[in-house]
Amino acid sequence: MALLRHTTDDVVERQALTVNPAKTCQPIGAMYAALGINRCLPHSHGSQGCCSYHRSTLSRHYKEPAMAATSSFTEGSSVFGGQANLLQALNTIFSVYDPDVVAVHTTCLSETIGDDIPQIADAAVAKGFVPEGKCVIHCNTPSYVGSHTTGFANMTKAMVDYFSTSTSEDKIADQINIIPGWVEPADMGEIKRLVKMMSLKGITFPDTSGVLDAPLTAEYNMYPKGGATIEQLEATGDSAGTIALGPICSGPAAEALQNKCQVPQNTLPLPIGLRATDMFIQTLRKYNGGNVPAEITAERGRLVDLVSDMSQYFYGKTVALWGDPDQLVSLTQFLVDLDMRPKYIITGTPGKAFLRRIGEVLGDGVKDVIVKQGAQADMLYIHQLIKRERVDLLIGNTYGKYISRDEDIPLIRHGFPILDRIGHQYFPTAGYRGAMRLCEKILDAFLDRQDRDAPEESFELTM
Amino acid sequence: MSSKPIHTPDLSTPSEPFAVEALTADQIKGELTRQYPAKVKRKRDKQIVLNEKTKNQDGSLTLPVINANTRTSPGIITQRGCTYAGCKGVIMGPTRDIINITHGPIGCGFYSWLTRRNQTKPPTEEHDNYIPYSFSTDMQDENIIFGGEKKLKAAIQEAYDMFHPKAIAVFATCPVGLIGDDVHQACREMKRELVDCNVFAFSCEGYKGVSQSAGHHIANNGVFQHMVGNQTKEPKGKFKINLLGEYNIGGDAFVLEEMFEKCGITLLSTFSGNSTVEQFERSHWAELNCVMCHRSINYVADMIEKKYGAPWIKVNFIGAKATAKSLRKIAEFFNDADLTERVENFITAEYPAVLKAQAEVLPRTEGKRAMLFVGGSRAHSYQELFKEIGMKTIAAGYEFAHRDDYEGRKVLPDIKVDADSRNIEELTVERDEKLYREPKTNADLESLQKRDFFENYQGMMADMGEKAMIIDDVSHHEAEKLIEMCQPDIFCAGIKEKYAVQKLGVPCKQLHSYDYGGPYAGFQGAVRFYQDIDRMVNSKVKDMIKAPWE
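Given the structure is predicted, the values throughout are model-derived calculations rather than measurements.

Rules of the game
- Residues numbered from 1 in each chain as written.
- Chains lettered and ligands numbered in written order.
- Predicted model: local features only at pLDDT ≥ 70, side-chain atom pairs only at ≥ 80, totals over all residues.
- Heavy atoms only, no water.
- Phe/Tyr/Trp six-rings, centres within 6.5 Å; stacked < 30°, edge-to-face > 60°.
- Helix = DSSP H or I, 4+ residues; strand = E, 2+ residues; numbered from the N terminus.
- Buried < 20%, exposed > 50% of the residue type's maximum accessible area, 1.4 Å probe, protein only.
- Pairing = 2+ DSSP bridges.
- Domains from an automatic or database assignment.
- Contact = heavy atoms within 4.5 Å.
- Buried area = accessible area lost by both parts, 1.4 Å probe.
- Salt bridge = Lys/Arg side-chain N within 4 Å of Asp/Glu carboxyl O.
- Polar contact = N/O pair within 3.5 Å; in protein donor to acceptor, adjacent residues only side chain to side chain.
- Nonpolar A, V, L, I, M, F, W, Y, C, P; charged D, E, K, R; others polar.
- Right-handed = clockwise from strand over helix to strand, strands pointing away.
- UniProt positions renumbered as here; feature names shortened; annotations may be inferred.
- 1 Å grid on protein atoms, 1.4 Å probe; cavity = no way out; pocket = protein on both sides within 12 Å on 5 of 7 lines; lining within 4 Å.
- Points joined across faces, edges and corners; volume = space filled by probe spheres on them.

Here a ring pair, both rings aromatic, is described through the centre-centre distance and the interplanar angle of the planes. Scanning the entire structure with this criterion turns up 36 aromatic pairs over all chains. Each ring, one from tyrosine 32 of chain A and one from phenylalanine 152 of chain A, has its centre 6.0 Å from the other, and the planes form 40°; the classification is tilted. One end of the pair, tyrosine 32 of chain A, is in helix H1 (residues 26-34); the other, phenylalanine 152 of chain A, is in helix H7 (residues 148-163), with 120 residues separating them in the sequence. For the residue pair tyrosine 32 of chain A and phenylalanine 152 of chain A, the accessibility class agrees, reading buried in each case. Ring centres of tyrosine 514 of chain B and tyrosine 520 of chain B lie 4.7 Å apart, and the angle between their planes is 55°; on these two criteria the pair is classed as tilted.

Structure, rendered in structure tokens:
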């Protein structure tokens, strides 16, 4: 029986209804980004259900505690505004949880009421609710604008707005800022490793490595060791440059830093796949005198070797992808480099820039690709396309498993959220080594499939 | 397997004190709230009580008073969710043939998409099943500025054109209430327009109550007003019951459906696990309502009784003893020799496997200590299962309960109605002169009533050990302190707590979604629970946590 039995291949234009969205709302992105600051407690200003949903989804994805407080609005707050709630919340938070930073984001409720967060935060300081040396930062994350990636971008930009300081006109030559975008903690770790190998001092923000992949020690620490510290965030204004990975999630912060502290910015695709990682290393070379250590070149060479060994299985295979724009651009590039054929690419995140960037990546070589963004670019739509014309592989988040089962097409889980597999928080897909892992996952999916479907006489030991 | 006699611990009168090492319960309580600002501390002090019970001369118990169903203090990291989550996620979520459209920005619809493991099993491919789908109006800023009713109506039309469902339900989210979209009017208009589709709305904005509990009440009202009673032809079957407050988490309802069938009891509807529009519409034909989750659904039981006549009893199918007791209670109600025999035969057939599983795990589980902080009934009902494998529940509390869930229904008249409860509509229900049937034909109804057979829910405290710790709306901070001080062998909570608890080296069993396990209802479910708990409290992981050089 089909799980999505009501989905037909009859693609009717919709104006109002979203069915099985390929995006979610801003605040969860702001919450995830805030967890990438050392000793920071995210705070959701609105009804407590939002905070509950966001914490649940982050916990289910990262298999880690995702702590955040909420203003717990009730009907009265919706009528009279949320100032009293936020003041009381800040008082309680600093008394009980002792964070260094509280990162407040709004919800569609507090945003519609129009609560002025900086004004309330100032009032909290005046009332003595914010201890000396501690701070409250904020960003606005109305859920009816953009998507979860916008929320991530807004909170990351808030880190610049609140912390980045330029102490001198001379920048520190070997210090660069890395804004890693919305990737797994393991990816942030991998990106940091490459920067270190390039003999650069990197300040990574937000940095959820060490936070959402913390060790099991029989002690619970609400603020694990990882995350960008306030000192690091302040020092971003003195860096020689900023590398923003992924324009949607990281671009606004990099731009703000350039305007605020004159730190030149480079916005690149997320370093997923060979060429995007090449671009990342090439950009790092601008800051380290042009050297690439032999070990990185060897890592790259191993990836190319792997691709060469696998290429007979990849050639011409068609893929349907959905997820976040920054991820999709790099993934699409990599699939094209592997001689595969991305066929349907959708993201619920609105924004026309995505269509242009995907167009550039696909170039003239890849024909007949359907790319769609926005509210009706949802999982129902991509399923309808697949019903019209099948693909060989699906790449996207957990919600693709229903399509995968109904249509009997293998699924590689990538992106957010992944609710039904464990380990992705530890194993990167960024960088050359991450690309090798991606290749392995894709090939395993194809070969498992081939083994499963092979008639007995052609069931091969060596493939 | 084992030649040893089956050892079943007698825990029928749990009275062991809460004493934990050198700490007294008062010290523990003090430590939980020490860091709170004065105002928060005062409030929390009334929500954390020791279960000190006094037995009165007439045999009844006087229980401590607990403050419940009050607002969470802003800033406190709470387990709670919102009204929308209670309405759309809990009650309406498990219904397979209604298209549930979330009217609001995308988040609420996204997060309530299939995450509670409500299972459903349509009989054939032709039967509708919308559970794997999430429908939303994905409101954009222009809808917030100019209003979203037009988009909502268009979305209902598009859903109808594509799927032709029997019913479409609409759920209002926070901003919808704020900008004043009239979702009910929009639904009435669309119902007229679509003719063969029942369309109705819920004003379940997240800010409406203090927890998801308000959403349960709103959903109950909606189901009762828009569906119950719509089918006027009496369904076939003997011993007709409804099962209320069973949500088919992890397949619980499937176990119970099979159980009723084997016993010859006709299950007309389940509110709302594995449920359908048709089941809701015929539910008023039941002769008896059996309430599992008292918190989320007692409203419907009361309303059906007033309007259609069927009385209700509290049942519990979590735990083998509880299951046997509840089945026997249903048989007692119908007072039919054949039914009683079938029920007894069923219990006799199922029980050996239970005893065998108990005997197998007991040497490894007996004496171990559990804490339960879930639900508005689950923290009570799951204690039965722990008792059966010799485990003590040393602390428990609910996430969204009211006082009656702790202290029993006798406190209902004493519960103050505050502003946060007053904004939830109380339906005025009157007897339906056409469909009302005198409850039960047999003559001993009166004697059943005399024996306090109906509506006699005693609450969690009556069943719990003396001086156990009872904490309403436990916060993350309190849970962490409690674990550090008492070192339980297992902690039961939800996904938000799970990984923090496990970082402390204590296994955490989710009881809202059952994480990797279930079903746990009925006799087979009990066996599965014993085995899962045995695995968790005896896992080797905790011995690996410290490195040999540490």
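Once you've had a look at it, read on.
What follows concerns the pairing of strand E4 (residues 101-106) of chain A. All names here are of chain A. Of all six residues in E4, six are buried, a share of seventy percent or more. Side-chain alternation along E4 places Val101, Ala103 and His105 on one buried face and Val102, Val104 and Thr106 on a second face that is also buried. In the sheet, strand E2 (residues 40-45) pairs with E4 via six bridges, with the strands oriented parallel. Opposite serine 44, over in E4, you have histidine 105 as the bridge partner. As paired elements, E4 and strand E5 (residues 135-139) share five bridges and run parallel to each other. Note on E5: the bridge partner recorded for histidine 105 is cysteine 139.

Bringing the domain arrangement of chain A into the picture now. Residue and element names in this part refer to chain A. Each domain of chain A was delimited in the assignment, giving domain 1 (26-145), domain 2 (172-294) and domain 3 (310-453). If you average the C-alpha positions of domain 1 and of domain 2, the two centres end up 25 Å apart. In this assembly, 22 residues from domain 1 lie in contact with 23 residues from domain 2. Of the roughly 1800 Å² buried where domain 1 meets domain 2, counting both sides, 66% is carbon and sulfur surface. On the surface where domain 1 and domain 2 come into contact, there are zero salt bridges. At the junction of domain 1 with domain 2, the criterion picks out ten residue pairs in polar contact (both at pLDDT 80 or more). Contributing elements (two or more residues each) for the side of domain 1 that touches domain 2: H1, E2 and helix H2 (48-62).

Taken residue by residue, the interface counts 81 residues in chain B and 75 residues in chain A. Here chain B meets chain A over a buried area of about 7000 Å², counting both sides, of which 63% is carbon and sulfur. By the criterion of area lost to chain A, the three top residues of chain B are Pro74, Tyr111 and Lys503 of chain B, representing 12% of everything that side buries. The interface formed by chain B and chain A includes two salt bridges. A salt bridge links aspartate 138 of chain B to lysine 23 of chain A; the shortest N-O distance between them is 2.8 Å. Taken together, the connections running from chain B to chain A amount to 31 residue pairs in polar contact (both at pLDDT 80 or more). With seven residues, the top contributor of residues to the side of chain B that touches chain A is helix H6 (residues 149-163) of chain B. When grouped by side-chain class, the residues that make up the side of chain B that touches chain A number 40 nonpolar, 25 polar and 16 charged. When strand E1 (residues 18-19) of chain A meets strand E5 (residues 135-136) of chain B, the two strands line up antiparallel, connected through two bridges. Looking at the pairing, valine 19 of chain A lines up with phenylalanine 135 of chain B of E5 of chain B.

A word on unusual backbone geometry. Excluding glycine, most residues fall at negative phi; most peptide bonds, likewise, are trans. In this chain, phenylalanine 416 of chain A is followed by proline 417 of chain A through a cis amide linkage whose omega measures -5°. Its location among the elements puts proline 417 of chain A in the loop between strand E14 (411-413) and helix H17 (431-453). In this model, phenylalanine 271 of chain B is joined to serine 272 of chain B through a cis peptide bond whose omega is 5°. Residue position: serine 272 of chain B is located in strand E9 (residues 266-272). Phi angles above zero are rare outside glycine, and valine 195 of chain B is one such case at about 65°. Tracing the chain through its elements places valine 195 of chain B in the loop between helix H8 (183-194) and strand E7 (198-202). Taking the relative accessible area as the measure of exposure, valine 195 of chain B reaches 70% and is therefore exposed.

Now for the pattern of salt bridges. Counted according to the given criterion, the structure contains 49 salt bridges over all chains. Between glutamate 299 of chain A and arginine 193 of chain A there is a salt bridge, with its nearest N and O atoms 3.0 Å apart. Here glutamate 299 of chain A is found in helix H12 (residues 294-314), whereas its partner arginine 193 of chain A is found in helix H8 (residues 185-197), with 106 residues between them in sequence. The residue aspartate 534 of chain B makes a salt bridge to arginine 364 of chain B at a minimum N-O spacing of 2.7 Å. A residue pair is termed long-range when its members are at least 10 positions apart, and aspartate 534 of chain B in helix H22 (residues 522-537) and arginine 364 of chain B in helix H14 (residues 337-365) qualify at 170 residues. Classification of aspartate 534 of chain B by relative accessible area gives buried; the value is 12%. You can call arginine 364 of chain B partly exposed: its relative accessible area is 39%. What you see here is one network of salt bridges that share partners, running through Arg39, Asp98, Asp100 and Lys134 of chain A.

This brings us to the pairing of strand E13 (residues 392-397) of chain B. All names here are of chain B. Within E13, five of the six residues are buried, which leaves the element mostly enclosed by the surrounding structure. Here strand E12 (residues 369-373) runs beside E13; their pairing, made up of five bridges, is parallel. From the neighbouring strand, alanine 370 faces E13, where its bridge partner is threonine 393. The parallel pair E12 and E13, bridged by helix H15 (residues 378-388), forms a crossover whose chirality is right-handed.

For the rest of this paragraph, the subject is the UniProt feature "domain: Nitrogenase/oxidoreductase component" (unreviewed entry) in chain A. Taken from the UniProt record, the annotation "domain: Nitrogenase/oxidoreductase component" (unreviewed entry) applies to residues 25-446 of chain A. For residues 25-446 of chain A, the end-to-end C-alpha separation is 34 Å, with 48% helix and 15% strand making up the annotated structure.

A separate point is empty space enclosed by the protein. Going through the model one piece at a time under the given rule, you end up with ten cavities of 30 Å³ or more. The wall of the largest cavity is formed by 17 residues, among which Cys50, Tyr53 and Cys108 of chain A together with Gly107 and Cys108 of chain B lie closest to the centre. Counting residues per element, the ones that place at least two in the lining of the largest cavity are H2 of chain A together with helix H4 (106-111) of chain B. No other element matches H2 of chain A, which puts four residues into the lining of the largest cavity. Here the residues of the lining of the largest cavity are counted per class, giving eleven nonpolar, six polar and no charged.

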